[in-house]
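Notes for the structure review
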Amino acid sequence: MEYRTHGVCSQAIKFDIVDNKVTGVQFIGGCSGNTQGIARLVEGMDVNEAIARMEGIHCGPRPTSCPDQLAHALKQAIGK
């Protein structure tokens with residue numbers, strides 16, 4: 001799936017969900033080190049656990065962040 005982000009530096013997030021596990025996360029744009037870190041940390045994580053851990057994280061004064069956007073993308077992918 002490819003999700004177009006909103007309100008953050010990255011433009012999009014690509015990922016797959018296999019057997020309810022998050023795989024193949026790739027951020028397009030954004031802070032390279034941070035987005036690579038997020039991608040590696042959630043690799044193989046249960047999708048609901050990933051959502052619970054990342055949803056609601058803010059980036060400075062912004063009401064969202066790259067992890068929060070990934071949580072939104074995962075929720076959309078599983079129909080929540």
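Refer to the structure above for everything that follows.
Residues numbered from 1 in each chain as written. Predicted model: local features only at pLDDT ≥ 70, side-chain atom pairs only at ≥ 80, totals over all residues. Heavy atoms only, no water.

1. Here we look at the side chain of S65
Spelled out, the test is: Helix and strand assignments come from DSSP, with helices taken as H or I runs of at least 4 residues and strands as E runs of at least 2, each series counted from the N terminus. Accessible area is worked out with a 1.4 Å probe on protein chains only. A residue is then buried under 20% of its type maximum, exposed over 50%, and partly exposed in between. Polar contacts here mean pairs of N or O atoms no more than 3.5 Å apart (in protein, one a potential hydrogen donor and the other a potential acceptor; neighbouring residues in sequence count only if both atoms are side-chain atoms). In what follows, a contact means two residues having at least one pair of non-hydrogen atoms within 4.5 Å.
Along the chain, S65 turns up in the loop between α2 (47-54) and α3 (66-78). Classification of S65 as buried rests on a relative accessible area of 3%. From its side chain, S65 meets the backbone oxygen of I57 in a polar contact 2.8 Å long. Apart from residues lying up to four places away in sequence, S65 is in contact with V8, I57, H58 and C59.

2. Here's the deal with α3
Basically, it comes down to this: Take the residue count of a helix, subtract one, and multiply by 1.5 Å to get its expected span.
The first and last C-alpha atoms of α3 sit 19 Å apart over 13 residues, in line with the 18 Å expected at 1.5 Å per residue. Listing the buried residues of α3 in full gives C66, P67, D68, Q69, L70, A71, A73 and L74. Close packing links the buried residues of α3 with β1 (2-4), β2 (10-18), β3 (21-29), α1 (32-42) and α2. Following α3 by one or two positions, G79 adopts a phi angle in the positive range, close to 80°.

3. A look at the pairing of β2
Remark: a regular strand shows side chains that alternate across the two faces of the sheet. Cut-off, in case you're wondering: In this analysis, strands are considered paired if DSSP registers two or more bridges between them.
As paired strands, β1 and β2 are joined by three bridges and run antiparallel to one another. Looking at the pairing, Y3 lines up with I13 of β2. Taking the residues that link successive antiparallel strands as the turn, the β1-β2 hairpin has five residues, and the phi of G7 there is positive, at about 80°. Across seven bridges, β2 lies against β3 in antiparallel orientation. Looking across to β3, one finds that V18 is bridged to K21. In textbook terms, the turn of a hairpin is the stretch between consecutive antiparallel strands, and for β2 and β3 this stretch comprises two residues, one of which, D19, has a positive phi near 50°.

4. Observations concerning the packing of α2 against α3
The test is simple: Convention adopted: a line fitted to C-alpha atoms gives each axis, helices being fitted over their contacting stretch, and angles between N-to-C directions are expressed from 0 to 180 degrees. By the definition used in this description, the sense in which the near helix is turned from the far one sets the handedness, with an anticlockwise turn below a right angle giving left-handed and a clockwise turn giving right-handed. Note on residue classes: Ala, Val, Leu, Ile, Met, Phe, Trp, Tyr, Cys and Pro are nonpolar, Asp, Glu, Lys and Arg are charged, and everything else, Gly too, is polar.
Relative to each other, α2 and α3 sit at 145°, their axes nearing to 8 Å. The chirality of how α2 crosses α3 is left-handed. Only P67, D68, L70, A71, L74, K75 and I78 of α3 make contact with α2, whose side of the interface consists of V47, N48, A50, I51 and M54. Class assignment for the residues of the contact of α2 with α3 results in nine nonpolar, one polar and two charged.

In short, the description is geometric, and any link to function would need to be established separately.
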